[in-house]
Amino acid sequence: MRIFDNYEFTRDSLKSDFKDCSDFLIREVYSGGRRTLFCAFDGLVDTVALSHSITEPILRDRAVFETPQQQLEHIKTSVAGAAEMVETETFEELESLLMSGFIAVYVEGCKTALAFGVQGWNRRSTDEPTNEAMVKGAKECFVEVLNDNKALVRKRLKTPKLKMRQLMLGSEAKTPVVIAYIEGRASMEDVEEIELRLKSAPLENVPDFGVLSEYLAQGVRSFFTTVGNTERPDVFSSKLMEGRIGVMTEGTPFALYTPYLFSDNFSSLDDYNNPPYYSSFIRLLKIFAFGISTFLPALYVAIGSFHQEMFPTPLLYLVATSEETTPFPLLVEAVIIHILYEIMREAGLRLPNTIGHAVSIIGAIVIGEAMVTAGIIGEPMLVVVALTAIASYVVYPLYESVAVMRLVFIVIAGFSGIYGLVLSASALFVNVFSISSFGVPYTAPVVPLTMRSLGDTLIRQNWKKLAPRRVRIKELEGTSDE
């Protein structure tokens, strides 16, 4: 509904819309011989800035004008001192601005209102990230305030080619969302496609970033995602420089970016701060850890259940001796211990920090030792599960996918042995190779092979060789215009 020039109607409409809202502040004054309305929300505005920049200058101004529009223009250009100003003609936009920390100024007889940004809510400082720790990287992270996150990115990418389109999503509660990209590097067709998807999403509100990731994902169904997330501005900025498109949401300290490739799971910014030989070793180590965390328990169950001849004789004797006293087959043992591990891990995450670590660590030690002593599970199985759990944290971005795939492979291996395990792994590889995001293959630049990118995939070359050959995301082999 549009704002009318009737003062009583505008005032009563705002009061009606925010009825029973104790934090809604409204004040009626006379300025320039006309009734003037101030509206704001308590707790969302900086009262000092509000007083010094808006209310006091307007109330002290003695100028008189013939028309209300002249007075409003005078306030906009010569009186109010706030840097951020929006002129709005609808109640919907005006109310959205009020709930974003703006103060509204309405002059009797005008069909428009002015909204000045004087935000002043409490906010978290940009401390060191909690989920993406870096040994030699920057010690700052995104926060829950969208404007602060935009500033963190702008501070790192000082170029006018960095674009940030802001949308308002949600049919009931509007939430600001920003699409970030670098002009000339990102595909404008992909930017338009992402904007269209977000605008057409049937959302009542946007409580967190995970809601939007479902609308950005493309391709076939898989355990793996084509949408990455990060809480680090330096990581986000580097992805934009590669031609990717980012999405930031008000109220969450995580930003999304797409396309997200499988190789992204095995690299970090620390790779570029360490010597090339060490960074290459760490990347290969992560790939090896991913293989262990995904296939080792299933392989142990398959060999122990169907292919015992593959064990070396000393190891076979050890496994047979240990499993002789246990009441369950290897398949049941593996499923039980992995489910118990996930329960203890979840308990450690959800409990308060003061007791969460104690429960997860002590629970694992006590329960594991008790189960082995009681003969419920064998010692080799406990070693396999412990090694698998440690390896799964080496490639933490893939933890959710690996946790589910591991159980699936264990069950398959328990019923069909290595043959079933190989077939299921082949099906997984086919699934991964068939995924693409905005025309970019998920397994690029390895499959299909982009020779210029090999120096920054499985290994990392030194910057003298790497910098001249940096490949943008849309320049990878196999990329199509979807």
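This structure is a prediction, so every number in the text was calculated from the model and none was measured.

What counts, and where the lines are drawn
- Residues numbered from 1 in each chain as written.
- Predicted model: local features only at pLDDT ≥ 70, side-chain atom pairs only at ≥ 80, totals over all residues.
- Heavy atoms only, no water.
- Helix = DSSP H or I, 4+ residues; strand = E, 2+ residues; numbered from the N terminus.
- Rg over C-alpha atoms; globule rule 2.2 N^0.38 Å.
- Contact = heavy atoms within 4.5 Å.
- Areas by Shrake-Rupley, 256 points an atom, 1.4 Å probe, with all protein chains shown as cover.
- Lys, Arg positive; Asp, Glu negative; His and termini not counted.
- Charge placed at Lys NZ, Arg CZ, Asp CG, Glu CD.
- Buried < 20%, exposed > 50% of the residue type's maximum accessible area, 1.4 Å probe, protein only.
- Pairing = 2+ DSSP bridges.
- Salt bridge = Lys/Arg side-chain N within 4 Å of Asp/Glu carboxyl O.
- Axes fitted to C-alpha atoms, helices over the stretch in contact; angles between N-to-C directions.
- Parallel < 35°, antiparallel > 145°, perpendicular 65-115°, else oblique.
- Left-handed = near helix turned anticlockwise from the far one by under 90°.
- Core = buried A, V, L, I, M, F, W, Y, C linked by side-chain atoms within 4.5 Å.
- Arc of directions from axis to C-beta.
- Polar contact = N/O pair within 3.5 Å; in protein donor to acceptor, adjacent residues only side chain to side chain.

*Asks:* What's the story with the overall build of the chain in this structure? I'm lost.
*Replies:* Per the secondary structure count, the chain includes 15 helices and 12 strands. Its C-alpha atoms give the chain a radius of gyration of 29 Å, more than 25% over the compact-globule value 23 Å for 482 residues. Along the first, second and third principal axes, the C-alpha set of the chain runs to 100 × 55 × 40 Å. For the chain, the proportion of contacts with a sequence separation of at least 24, taken over those separated by at least 6, is 67%. For the chain, the accessible surface area stands at approximately 24,000 Å², while carbon and sulfur atoms represent 60% of it. Each charge class in the chain can be summarised by its mean position, and for the 44 positive and 57 negative side chains these summaries are 8 Å apart.

*Asks:* Sorry, what's going on with the pairing of strand 9 (residues 245-249) here?
*Replies:* Consecutive side chains along a regular strand alternate between the two faces of the sheet. Within strand 9, five of the five residues are buried, which leaves the element mostly enclosed by the surrounding structure. Here strand 9 shows no split at all, with Ile245, Val247 and Thr249 on one side and Gly246 and Met248 on the other all buried. The sheet contact formed by strand 9 and strand 10 (residues 255-258) spans four bridges and is antiparallel. Bridging across to strand 10, Ile245 finds its partner in Thr258.

*Asks:* Help me out: how do you make sense of the pairing of strand 7 (residues 175-182) in this one?
*Replies:* Most of strand 7 sits inside the fold, with eight of its eight residues counted as buried. In this structure, strand 6 (residues 162-169) lies alongside strand 7, joined through eight bridges in antiparallel fashion. When the bridges of strand 7 are listed, Arg165 appears paired with Ile179. With antiparallel pairing between neighbouring strands as the criterion, strand 6 and strand 7 make up a hairpin whose turn holds five residues, including Gly170 at a positive phi of roughly 115 degrees. Two strands pair when backbone bridges link them, and strand 7 and strand 9 are joined in this way by four bridges, in the antiparallel orientation. Note on strand 9: the bridge partner recorded for Ala180 is Gly246.

*Asks:* What exactly am I supposed to notice about the pattern of salt bridges here?
*Replies:* Should their charged atoms come close, side chains of opposite charge can pair. Overall, the coordinates contain 28 salt bridges when judged by the stated rule. Among the salt bridges present, the one from Glu128 reaches Lys139, with a minimum N-O distance of 3.8 Å. Note that Glu128 is positioned in the loop between strand 5 (113-117) and helix 5 (146-156) and Lys139 in the loop between strand 5 and helix 5, a separation of 11 residues in sequence. When its relative accessible area of 41% is taken as the criterion, Glu128 is described as partly exposed. Assessed through its relative accessible area of 41%, Lys139 is described here as partly exposed.

*Asks:* What am I meant to see in the packing of helix 1 (residues 7-17) against helix 4 (residues 91-98) here?
*Replies:* Two quantities define a packed helix pair, namely the angle between the helix axes and the distance between the axes. Interhelical geometry of helix 1 versus helix 4 gives an angle of 55 degrees and a closest axis separation of 12 Å. As far as their axial angle goes, helix 4 and helix 1 are oblique. Crossing of helix 1 against helix 4: the hand is right-handed. Note on element contacts: helix 4 touches helix 1 through Phe91, Leu94 and Glu95, opposite Phe9, Thr10, Ser13, Leu14 and Asp17.

*Asks:* Can you help me understand the nonpolar core in this one?
*Replies:* What tends to happen in soluble globular proteins is that the nonpolar side chains get buried as a cluster. Judged by nonpolar contacts, the single largest core of 36 residues is most densely connected at Phe224, Phe290, Met381 and Leu398. Mapped onto this core, the elements with two or more residues apiece are helix 9 (276-306), helix 11 (330-350), helix 12 (353-374), helix 13 (379-394) and helix 14 (399-433). Among the elements that make up this core, the one with the highest residue count is helix 14 (10 residues). Residue contacts for Phe290: discarding those within four places in its chain leaves Phe224, Phe262, Phe266, Val395, Leu398 and Val402. Core analysis: the second largest hydrophobic core is formed by 21 residues, Leu169, Ile179, Leu198 and Ala201 among them.

*Asks:* Would you explain the environment of Gly291 in this entry?
*Replies:* Mapped onto the secondary structure, Gly291 falls in helix 9. Among the residues examined, Gly291 registers a relative accessible area of 25% and is labelled partly exposed. Each C-alpha atom of the pair Gly291 and Ala391 lies 8.8 Å from the other, and the pair is 100 residues apart in sequence.

*Asks:* Whenever I open this one, the packing of helix 11 against helix 13 confuses me. Can you help?
*Replies:* Running from N to C, helix 11 and helix 13 cross one another at 45 degrees; their axes reach a closest spacing of 10 Å. Accordingly, the angle class assigned to the pair helix 11 and helix 13 is oblique. The two elements helix 11 and helix 13 cross, and the hand of that crossing is right-handed. In this structure, helix 11 uses Leu330, Glu333, Ala334, Ile337, His338, Tyr341 and Arg345 to contact helix 13, whose residues at the interface are Met381, Leu382, Val385, Thr388, Ala389, Ser392 and Tyr393.

*Asks:* Can you help me understand helix 1 in this one?
*Replies:* Within an α-helix, residues lying three or four positions from one another point in the same direction, as the helix has 3.6 residues per turn. All of the buried residues along helix 1 are Tyr7, Thr10, Arg11, Ser13 and Leu14. The buried side chains of helix 1 occupy one side of the element, clustering within an arc of 160 degrees when seen end-on. Elements that come into contact with the buried residues of helix 1 comprise strand 1 (24-31), strand 2 (34-41), helix 4 and strand 4 (102-107). Two or three places before Glu8, at the opening of helix 1, Asn6 has a side-chain oxygen 3.1 Å from that residue's backbone nitrogen.

Limitation: the analysis is restricted to geometry and does not speak to function.
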